[in-house]
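Structure at a glance
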There are 2 protein chains.
Amino acid sequence: MSQKFKSLKNDKETKLQDILQVALKMFARYGYKKTTIEDIAQEMGMTKSNIYFYVANKKDLYEKTVGNELIQWRDTIGREVEQVEDIVEKFRIMVSRAFEYLFSHKDLHTIVVNDPGIFTLSRDQDRFLEINLGAMQVIRMVLQQGVSQGRFYPVDIDVTTDLLFSIYIMFLIKTSVASEIQSVSRMVEAGTELILRGLCAP
Amino acid sequence: MSQKFKSLKNDKETKLQDILQVALKMFARYGYKKTTIEDIAQEMGMTKSNIYFYVANKKDLYEKTVGNELIQWRDTIGREVEQVEDIVEKFRIMVSRAFEYLFSHKDLHTIVVNDPGIFTLSRDQDRFLEINLGAMQVIRMVLQQGVSQGRFYPVDIDVTTDLLFSIYIMFLIKTSVASEIQSVSRMVEAGTELILRGLCAP
DNA sequence: ATTTGAACAAATGAGTCAAAAGTTCAAAAG
DNA sequence: CTTTTGAACTTTTGACTCATTTGTTCAAAT
């Protein structure tokens, strides 16, 4: 029975994932407003009322769709960072791979461009706070390792994590504005080296 | 005649300044939409049509009002920075005084909170680009001095100026969101020290 | 050079309405 | 017991009208 229960849950979770993939394409192509539940149901070959078996409402569907992508993004970078030995190199990889990921996932990138509210500098209007707290955890780990290894200055971990995450979001906002992508990547590079110099103890 | 011309221009400029001061109070109190040209004219003791002798239209009045404040802000900080000898202290003063200024000018602060578009990370939707380019000039000067004195690493001045200005705007956006003011000021302090360490050559 | 009043133009808010989209749920299907 | 459906219900949207307010212009007066 536990077996059956689990397999059923898996089926539901799998179909939800299918829905989220379809929704991702739709939202990227038409935007939130122009995409209807019926559109997505049709593409899935089901009726729109059935969508409500998987999500609570349209907004929930959208947030599950975007949130799903953000989680994969975060976890991918987290895994890649873990595999790097040297702490300075780890920091560089964390930054560069995070930006590369966004550029190579066009649907997510399009959604982000059309919905600037996804990245916000104000914590209390962050619709993906929980996910972002996890992303901050990646930064925090790197700082902690650097400090405990004696490679970094003994900075205040919490404040510095907030600071670096805010700078990261600032760059994401800048890259989300279609124009000026070239100048931003130069700024990211310069910023990474400047901050690494500021972090590293002599 | 040159004398007369000049005094007349001064009168006009002076009255424009009066209008901008009245408009500042009004816009801070009621916001852009709820403030009418008639409100301001009445407060000035003139008719609304006369306002158009000083400004082109309502939007122009608003931008002159805000722009005027931004220019005073920028110039005040610029003057204060000039008077500091030591380059590191100069950098610290530039940052701390810029934030203190905003907090001590409540009308400007209120307007900024109600119109988040005043501070934008996207250059091509910056309504005050010209003024902000001047503000960046203050940063650029400090960087140039630091580098030419050999106190700072020979960083790329243009890219680093862009970077620091973006971080500055990021902080302004965060402080414009009523909440979390305390945590932001700690981040500004931490950020200033981190960046100074990254800038300073050993 | 400044100011005004009167006239004109544009924007706004309230109200109506039908169509479209979102949502619920009892019953059917598997 | 899980999943799906069709039909009914509710909410939102967009198009339209209309009176009022607000923004803007300009010739004439100060």
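Please read these numbers as outputs of a predicted model, since none were measured by experiment. Once a new chain begins, its residue numbering starts again from 1 and follows that chain's sequence as written. All chains are assigned letters beginning with A, and all ligands numbers beginning with 1, in the order in which they are written. Only residues with pLDDT of 70 or above have their local features reported here, since the model is predicted, and side-chain atom pairs are shown and tallied only from 80 upward, although totals for entire chains, interfaces and linings are computed over all residues. The basis for the side-chain values is all heavy atoms of the structure; hydrogens and waters are excluded.

1. Comments concerning the protein's contact with DNA strand C
Using the following cut-off: Any residue with a non-hydrogen atom lying within 4 Å of a molecule or strand is treated as near it. Under the rule applied, a polar contact is a pair of N or O atoms within 3.5 Å (in protein, one hydrogen donor and one hydrogen acceptor; residues adjacent in sequence only if both atoms are side-chain atoms). For the purposes of this entry, the term helix denotes a DSSP run of H or I that reaches at least four residues, the term strand denotes a run of E that reaches at least two, and both are numbered from the N terminus. Only Asp, Glu, Lys and Arg are considered charged, only Ala, Val, Leu, Ile, Met, Phe, Trp, Tyr, Cys and Pro nonpolar, and every remaining residue, Gly among them, polar.
Around DNA strand C sit 18 residues, and of these Tyr52(A), Lys58(A), Lys15(B), Ser49(B) and Tyr54(B) come closest. Considering DNA strand C, the proportion of its atoms within 4 Å of the protein that are sugar or phosphate atoms stands at 57%. Here a phosphate oxygen of DNA strand C and a side-chain polar atom of Asn50(B) are 3.1 Å apart. Tyr54(B) has a polar side-chain atom sitting 2.5 Å from a phosphate oxygen of DNA strand C. Counting only elements with at least two residues in the surface near DNA strand C, the list comes to helix 3 (48-51) of chain A together with helix 1 (2-34) and helix 3 (48-51) of chain B. When residues in the surface near DNA strand C are grouped by element, the largest group, four residues, is from helix 1 of chain B. Tallied by class, the residues present in the surface near DNA strand C amount to six nonpolar, seven polar and five charged.

2. A look at the domain arrangement of chain A
Residues and elements named next belong to chain A. Convention followed: Domain delimitation in this document rests on an assignment produced automatically or drawn from a domain database. Should any heavy atoms of two residues lie within 4.5 Å, those residues are counted as being in contact. Summed over both partners, the accessible surface that disappears when two parts come together, traced with a 1.4 Å probe, is what is meant by buried area. Any Lys or Arg side-chain nitrogen located within 4 Å of an Asp or Glu carboxyl oxygen qualifies as a salt bridge.
Its domain assignment divides chain A into domain 1 (1-55) and domain 2 (58-199). Computed from C-alpha atoms alone, the centre-to-centre distance between domain 1 and domain 2 is 28 Å. Each partner contributes to the interface: domain 1 provides 17 residues, whereas domain 2 provides 13 residues. Contact between domain 1 and domain 2 buries roughly 1,500 Å² in total, counting both sides, with carbon and sulfur atoms accounting for 69%. On the surface where domain 1 and domain 2 come into contact, there are one salt bridge. Note that lysine 25 and aspartate 107 form a salt bridge whose closest N and O atoms lie 2.9 Å from each other. Viewed at the interface, domain 2 and domain 1 are joined by five residue pairs in polar contact (both at pLDDT 80 or more). Looking at the side of domain 1 that touches domain 2, the elements that each hand over two or more residues are helix 1 (2-34) and helix 2 (37-44).

3. Points about the relation of the copies chain B and chain A
Short version of the rule: Our superposition of the copies is a least-squares fit, built on the C-alpha atoms of residues whose pLDDT is at least 70 in both.
Expressed as a screw operation, the relation of chain B to chain A combines 0.0 Å of axial shift with a rotation of 180°, fitting to an RMSD of 0.0 Å. The two molecules are tied by a two-fold rotation axis, judged by turn and shift. By C-alpha distance to the rotation axis, the residue of chain B lying nearest is Gly198(B), at 1.9 Å. Most of the interface of chain B is mirrored in chain A, where 100% of its interface residues are also at the interface.

4. As for the protein's contact with DNA strand D
Around DNA strand D, the surrounding shell holds 18 residues, and the nearest of these are Lys15(A), Ser49(A), Tyr54(A), Tyr52(B) and Lys58(B). One of the backbone N or O atoms of Thr47(A) is found 3.1 Å from a phosphate oxygen in DNA strand D. Within the side chain of Tyr52(B), a nitrogen or oxygen atom sits 2.6 Å from a phosphate oxygen of DNA strand D. Secondary structure elements with two or more residues in the surface near DNA strand D: helix 1 and helix 3 of chain A together with helix 3 of chain B. Taken together, the residues that form the surface near DNA strand D break down as six nonpolar, seven polar and five charged.

5. Remarks on the packing of aromatic side chains
Describing an aromatic ring pair means giving the distance of the ring centres and the angle of the ring planes. Applied cut-off: Centre distance within 6.5 Å is the pairing criterion for rings of Phe, Tyr and Trp, where only the six-membered ring of Trp is used; planes under 30 degrees apart are then read as stacked, over 60 as edge-to-face, and the remainder as tilted. Only when the NZ atom of a Lys or the CZ atom of an Arg is both within 6 Å of the ring centre and within 35 degrees of the ring normal do we say a charge sits over the ring.
The tally for this structure, following the rule as stated, stands at 18 aromatic pairs over all chains. With a centroid separation of 6.0 Å and an interplanar angle of 50°, the aromatic rings of Phe165(A) and Tyr168(A) are classed as tilted. With Phe165(A) and Tyr168(A) both in helix 8 (residues 157-176) and three residues apart, this pair spans about one turn of that helix. One aromatic cluster is present, built from ring pairs that chain together Phe99(A), Phe165(A), Tyr168(A) and Phe171(A). The ring of Tyr153(B) has Arg197(A) sitting right over it, with the charged end atom 4.2 Å from the ring centre.

6. Observations concerning the pattern of salt bridges
Evaluated as defined, the whole model comprises 22 salt bridges over all chains. Among the charged side chains, a network of salt bridges with common partners joins Glu80(A), Arg97(A) and Glu100(A).

7. Section: the packing of helix 4 (residues 58-82) of chain B against helix 7 (residues 129-148) of chain B
Residues and elements named next belong to chain B. Operational definition: Axis lines are fitted to C-alpha atoms, over the contacting stretch for helices. Their N-to-C directions set the angle, which ranges from 0 to 180 degrees. Each angle receives one of four descriptions, namely roughly parallel if under 35 degrees, roughly antiparallel if over 145, roughly perpendicular if within 65 to 115, and oblique otherwise.
As a packed pair, helix 4 and helix 7 sit with axes 10 Å apart at the nearest point and diverge in direction by 10°. Our classification of the angle between helix 4 and helix 7 gives roughly parallel. For the pair helix 4 and helix 7, the contacting residues are Gly67, Leu70, Ile71, Arg74, Gly78 and Val81 in the first and Glu130, Ile131, Gly134, Ala135, Val138 and Val142 in the second. Tallied by class, residues from the contact of helix 4 with helix 7 come to seven nonpolar, three polar and two charged.

8. Some words on the interface of chain B and chain A
Facing the 28 residues of chain B at the interface are 28 residues of chain A. Between chain B and chain A the total buried area reaches about 2,400 Å² when both faces are included, carbon and sulfur atoms providing 74% of it. On the surface where chain B and chain A come into contact, there are zero salt bridges. At the surface where chain B touches chain A, the tally comes to six residue pairs in polar contact (both at pLDDT 80 or more). It is helix 8 (residues 157-176) of chain B that provides the largest number of residues to the side of chain B that touches chain A, a total of 10 residues. Grouping the amino acids of the side of chain B that touches chain A by side-chain chemistry returns 16 nonpolar, five polar and seven charged.

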